[in-house]
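Residue strings, one per chain:
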Amino acid sequence: MKYAFFPGCVSQGAAPELYPAAKLICERIGIELEEIPGWTCTGAGVMQEKNLLFADTLNARNFAKAEQMGLPILTICSTCQGVMSQANKRMTRDPEYLAEINHHLADEGLEYKGTAEPKHLLWILIEDIGLDKVTELVTRPLAGIRMAPFYGCYIVRPTEALDIEEHPERQTSLETLIETLGATVVDFEGKTRCCGFPILTINEKNSMAMVGKHTSEAKDLGADAMITPCPLCHLNLDGYQPKAAAQLKRKVDLPILHMPQAIGLAMGIDPKDLGLQKHIMNTQPLTVKLGARI
């Protein structure tokens, strides 16, 4: 299957180890990726609060380029998924609004016709590819690994924009994937709450409190690692965990894996090729437990 690939900013910027990991596992699965040429940031939810028209125009630009490619959109970022889904609903439900946006796109010779299908890799694996295919490729099951799911905000709400009513399995998709990879799910209350990244620059103390609460709660429940489908959540929960732990005045040391990295481990891909040595939190205890030392 072939998709127009929208990697998002973080996987090529602040956490560049996530991009090649996603490409590796897609290649193994048989997903052909053609990156959207000249794609731009979705606005990550922040831009929409300042200038909704501008933010939606940026998303329409990406959608129009994907339409030209004749391909559905695959993203590896939950935040991008949520923002794109909301923008798409606003545009496709309001022809006058879409016309206004297309007026701005015309300067670049683009027009969005309203046919884009942005879809996260997590949903694609379950709904389009089928987890039987993933199971076939698991050569190093994550047996003995206790893994906490962390959805974050944008891939679970608003439910209407994300078509949750039509696809209720999306609400438990991460747990389903964890079990498919052979790991044990460590359920915890904060799995669908905000990671704290959106308020990092305006209220760092509260952002660190959120990081500390989620990671320490999962750790106390016996998690060996946390898995998230969102690079922004990965960036915050991994990169700021030391500062959050210092604020909590306790040790946490919980490895945070972006979803393709966990899949890659179960597929037997070398942890170094998945970029696990580039994380802030030490992933070696996890890989040693799997017999896949970095």
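Computed from a predicted structure; not experimentally measured.

Enquirer: Which residues make up the packing of helix α9 (residues 204-220) against helix α11 (residues 241-248), and what values go with them?
Expert: For the pair α9 and α11, the least separation of the axes is 8 Å and the interaxial angle reads 90°. When the axes of α9 and α11 are compared, the pair comes out roughly perpendicular. In contact with E204, K205, M208, A209, V211, G212, T215 and S216 of α9, α11 contributes Q241, K243, A244, Q247 and L248. Taken together, the residues of the contact of α9 with α11 sort by class into five nonpolar, five polar and three charged.

Enquirer: Explain the nonpolar core residue by residue, including any values.
Expert: One finds I31, L74, L121, L125, L142, M147 and L181 to be the most contacted residues of the largest nonpolar core, which totals 47 residues. Broken down by secondary-structure element, the contributors of at least two residues to this core are β1 (2-6), α1 (18-29), α6 (121-129), α7 (131-137), α8 (173-180), β7 (225-228) and α12 (259-266). No other element matches α1, which puts six residues into this core. The residues that make up this core include at least three from each of domain 1 (2-120) and domain 2 (140-290). Those residues in contact with L181 that lie beyond four places of it in its chain are V134, V138, P141, L142, A262, I263 and A266.

Enquirer: Tell me about the pairing of strand β5 (residues 146-149), and please be specific about residues and values.
Expert: Taken together, the two bridges between β5 and strand β6 (residues 184-185) define a ladder with parallel strand orientation. Pairing of M147 across the sheet is with V185, part of β6. In this region the chain leaves β5, passes through α8 and returns to the parallel neighbour β6; the handedness of that crossover is right-handed. For β5 and β7, the ladder comprises three bridges, and the chain directions are parallel. Within β7, the position partnered with P149 by the bridge is I227.

Enquirer: Tell me what's going on with the sheet that holds strand β4 (residues 118-120), and back it up with residues and numbers.
Expert: Whether parallel or antiparallel, the strands of a sheet pair through hydrogen bonds between backbone atoms. Sheet architecture is open: four strands sit in the order β2-β1-β3-β4, paired in parallel fashion. Edge strands, defined here as strands with exactly one partner in the open sheet, are β2 (32-35) and β4. Taking each pair of neighbouring strands and ignoring which way they run, the sheet shows an average axis angle of 45°. Bridge count for strand β3 (residues 73-75) against β4 is three bridges, and the pairing is parallel. If you follow L74 over to β4, its bridge partner there is K119. Lying on the sheet, helix α4 (residues 78-93) is in contact with β1, β3 and β4; it crosses β4 at an angle near 155°.

Enquirer: Just give me the short version of the domain arrangement of the protein chain, but keep the residues and values in it.
Expert: Interfaces are often described in size by the accessible area the parts lose on coming together. Assigned domains of the protein chain: these are domain 1 (2-120) and domain 2 (140-290). Its C-alpha centre places domain 1 at a distance of 24 Å from the equivalent point of domain 2. In this assembly, 27 residues from domain 1 lie in contact with 28 residues from domain 2. In total, domain 1 and domain 2 occlude about 2,300 Å² of area from one another, counting both sides; carbon and sulfur atoms represent 71% of this. Seen at the junction of domain 1 and domain 2, the total is two salt bridges. Between R93 and E160 there is a salt bridge whose closest N-O contact spans 2.3 Å. For the side of domain 1 that touches domain 2, the elements supplying multiple residues, two or more each, are α1, α4 and β4. Looking at the side of domain 1 that touches domain 2 element by element, the count peaks at nine residues for α4. Along the lines of polarity and charge, the residues of the side of domain 1 that touches domain 2 split into 13 nonpolar, nine polar and five charged.

Enquirer: Tell me about the sheet that holds β5, and name the residues and values.
Expert: Here we have four strands laid out as an open sheet, ordered β6-β5-β7-β8, and parallel in their pairing. Edge positions in the open sheet fall to β6 and β8 (256-258), since each of these has one partner strand only.

Enquirer: Can you break down α1 residue by residue, with the values?
Expert: With 12 residues, α1 should reach 16 Å at 1.5 Å per residue; the first-to-last C-alpha distance of 17 Å fits that figure. All of the buried residues in α1 are L18, Y19, A21, A22, I25, C26 and I29. Axial view of α1: buried residues confined to an arc of 165°, hence all on one face. Phi turns positive, to about 100°, at G30, one or two residues after α1.

Rules and cut-offs
- Residues numbered from 1 in each chain as written.
- Predicted model: local features only at pLDDT ≥ 70, side-chain atom pairs only at ≥ 80, totals over all residues.
- Heavy atoms only, no water.
- Axes fitted to C-alpha atoms, helices over the stretch in contact; angles between N-to-C directions.
- Helix = DSSP H or I, 4+ residues; strand = E, 2+ residues; numbered from the N terminus.
- Parallel < 35°, antiparallel > 145°, perpendicular 65-115°, else oblique.
- Contact = heavy atoms within 4.5 Å.
- Nonpolar A, V, L, I, M, F, W, Y, C, P; charged D, E, K, R; others polar.
- Core = buried A, V, L, I, M, F, W, Y, C linked by side-chain atoms within 4.5 Å.
- Buried < 20%, exposed > 50% of the residue type's maximum accessible area, 1.4 Å probe, protein only.
- Domains from an automatic or database assignment.
- Pairing = 2+ DSSP bridges.
- Right-handed = clockwise from strand over helix to strand, strands pointing away.
- Buried area = accessible area lost by both parts, 1.4 Å probe.
- Salt bridge = Lys/Arg side-chain N within 4 Å of Asp/Glu carboxyl O.
- Expected span 1.5 Å × (residues − 1).
- Arc of directions from axis to C-beta.

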